[in-house]
Amino acid sequence: MREMRIGHGYDVHRLVEGRELILGGAEIPWEKGLLGHSDADVLVHAVIDALLGAAGLGDIGGHFPDTDPAYAGADSLGMLAHVVELLEERGFSVGNVDATVLAQRPKLAPYIPQMRDGLARAMGIDPSQVNVKATTEEGLGFTGSGEGMAAHAVCLIGKEDRGRRPVPADGA
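Predicted model, so just to flag it, every value in this text is computed and none were measured. (Residues numbered from 1 in each chain as written. Predicted model: local features only at pLDDT ≥ 70, side-chain atom pairs only at ≥ 80, totals over all residues. Heavy atoms only, no water.)

I would appreciate a short explanation of the overall build of the chain in the present structure.
Across its full length, the chain holds 5 helices and 7 strands. If you list the helices and strands of the chain from N to C, you get β-β-β-β-α-α-α-β-α-β-α-β. Based on the C-alpha atoms only, the size of the chain along its principal axes is roughly 65 × 35 × 30 Å. Here the chain, with 172 residues, has 44% of them falling under the buried criterion. Counting only contacts in the chain whose residues sit at least 6 apart along the sequence, the fraction spanning at least 24 positions is 72%. In the form shown here, the chain has an accessible surface area of approximately 8900 Å², with 52% of it arising from carbon and sulfur atoms. Separation between the mean location of the 15 positive side-chain charges and that of the 25 negative ones in the chain comes to 5 Å. (Helix = DSSP H or I, 4+ residues; strand = E, 2+ residues; numbered from the N terminus. Buried < 20%, exposed > 50% of the residue type's maximum accessible area, 1.4 Å probe, protein only. Contact = heavy atoms within 4.5 Å. Areas by Shrake-Rupley, 256 points an atom, 1.4 Å probe, with all protein chains shown as cover. Lys, Arg positive; Asp, Glu negative; His and termini not counted. Charge placed at Lys NZ, Arg CZ, Asp CG, Glu CD.)

I keep staring at the sheet that holds strand E5 (residues 93–102) and nothing clicks. Help me out?
Through backbone hydrogen bonds, the strands of a sheet pair up, either in parallel or in antiparallel fashion. One open sheet holds the 5 strands; their spatial order is E4-E1-E7-E5-E6, and the pairing between them is mixed. The open sheet has two edge strands with one neighbour each: strand E4 (32–34) and strand E6 (130–135). Across the sheet, the axes of successive neighbouring strands diverge by a mean angle of 20°, strand direction being ignored. Examined bridge by bridge, E5 and strand E7 (residues 148–159) share 9 bridges and lie antiparallel to one another. Paired with Val97 across the strands is Cys155, a residue of E7. The strands that helix H1 (residues 42–55) touches are strand E1 (3–17), E4, E5, E6 and E7; relative to E1, the one it contacts most, it runs at about 155°. In the packing of helix H4 (residues 112–123) onto the sheet, contacts are made with E5 and E6, and the angle to E6 comes to roughly 140°. (Pairing = 2+ DSSP bridges. Axes fitted to C-alpha atoms, helices over the stretch in contact; angles between N-to-C directions.)

What should I look at first to understand the packing of aromatic side chains in this one?
By convention here, two paired aromatic rings are described through the distance between centres and the angle between planes. Within this structure, the stated rule accounts for 1 aromatic pair. An angle of 90° between the planes, with centres 5.2 Å apart, marks the rings of Phe64 and Tyr71 as edge-to-face. What makes Tyr71 partly exposed here is its relative accessible area of 22%. (Phe/Tyr/Trp six-rings, centres within 6.5 Å; stacked < 30°, edge-to-face > 60°.)

What exactly am I supposed to notice about the packing of H1 against helix H3 (residues 76–89) here?
When two helices pack together, their arrangement is given by the angle between their axes and by how far apart the axes lie. At a minimum axis separation of 10 Å, H1 and H3 run at an interaxial angle of 10°. Comparing the axis directions of H1 and H3 gives the class roughly parallel. Only Ser76, Leu77, Met79, Leu80, Val83, Val84 and Leu87 of H3 make contact with H1, whose side of the interface consists of Val44, His45, Val47, Ile48, Leu51, Leu52 and Ala55. Along the lines of polarity and charge, the residues of the contact of H1 with H3 split into 12 nonpolar, 2 polar and no charged. (Parallel < 35°, antiparallel > 145°, perpendicular 65-115°, else oblique. Nonpolar A, V, L, I, M, F, W, Y, C, P; charged D, E, K, R; others polar.)

Hey, could you run me through the pattern of salt bridges in this one?
As a working rule, side chains carrying opposite charge can pair if their charged atoms are close by. Throughout the structure, instances matching the rule amount to 4 salt bridges. In this structure, the salt-bridge partner of Arg105 is Glu31, at a minimum N-O distance of 3.4 Å. With a gap of 74 residues between them, Arg105 in the loop between E5 and H4 and Glu31 in the loop between strand E3 (26–28) and E4 connect regions that are remote in the sequence. Accessibility expressed as a relative area gives 48% for Arg105, which makes it partly exposed. We note a salt bridge from Glu89 to Arg90, for which the minimum N-O separation is 3.8 Å. (Salt bridge = Lys/Arg side-chain N within 4 Å of Asp/Glu carboxyl O.)

Just to check I follow, could you spell out H3 for this structure?
Helical geometry note: an α-helix holds 3.6 residues per turn, so side chains three or four residues apart project in the same direction. For H3, which comprises 14 residues, the first-to-last C-alpha distance of 20 Å matches the rise-based estimate of 20 Å (1.5 Å per residue) to within 8%. Buried residues in H3 make contact with H1, helix H2 (60–63), H4 and E7. The opening residue of H3 is Asp75, an N-cap whose side-chain oxygen sits 3.0 Å from the backbone nitrogen of Leu77. Looking one or two residues beyond H3, the residue adopting positive phi is Gly91, at roughly 85°. (Expected span 1.5 Å × (residues − 1). Polar contact = N/O pair within 3.5 Å; in protein donor to acceptor, adjacent residues only side chain to side chain.)

In this structure, what is going on with the packing of H3 against H4? I would like to understand it.
Taken N-terminus to C-terminus, the directions of H3 and H4 make an angle of 40°; their axes are 8 Å apart at the nearest point. Classed by the angle they form, the pair H3 and H4 counts as oblique. H4 is crossed by H3, and the crossing has right-handed handedness. Here H3 contributes Leu77, Leu80, Ala81 and Val84 to the contact with H4, which in turn contributes Gly118, Leu119, Ala122 and Met123. In the contact of H3 with H4, the residues fall into 7 nonpolar, 1 polar and no charged. (Left-handed = near helix turned anticlockwise from the far one by under 90°.)

Set out below in structure tokens:
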């Protein structure tokens with residue numbers, strides 16, 4: 001039997017002027033970008049947290065602390081590739097990822113294929129195993145007012161059973 005695990009990730013970053021907007025590794029032309037220690041790619045960060053959570057490996061802050069100068073301006077897709085290596089070292093592979101970006105503006109639909117491809121490439125999986133969606137929050141909350149962006153991600157990871165046998169109900 002194949003061991004399967006699910007994970008959920010969530011991230012949020014403030015929008016500011018003077019920064020590039022990077023989502024799923026795609027540079028999106030816009031007047032504002034996301035503020036953060038790395039490239040602040042809220043979508044990739046949510047995916048990283050989902051994968052780490054599914055594998056029981058903590059969270060993004062534990063692996064890539066914002067107090068470490070090594071991650072200043074870091075490429076989040078590179079961080080994602082590193083996380084996938086950690087999973088592979090433990091025998092896990094990525095089954096699929098489904099993610100949603102919450103942003104009032106800009107319209108993200110034209111960039112979703114590029115985001116999907118970037119995520120798939122960093123994880124070493126087929127783009128058909130990655131789904132990216134974008135939604136507004138109808139002007140509500142910090143994402144609706146344009147103060148920031150958020151992302152949710154869920155994933156399925158698995159590994160082959162290495163001969164473990166289930167314990168019978170009677171304990172024999």
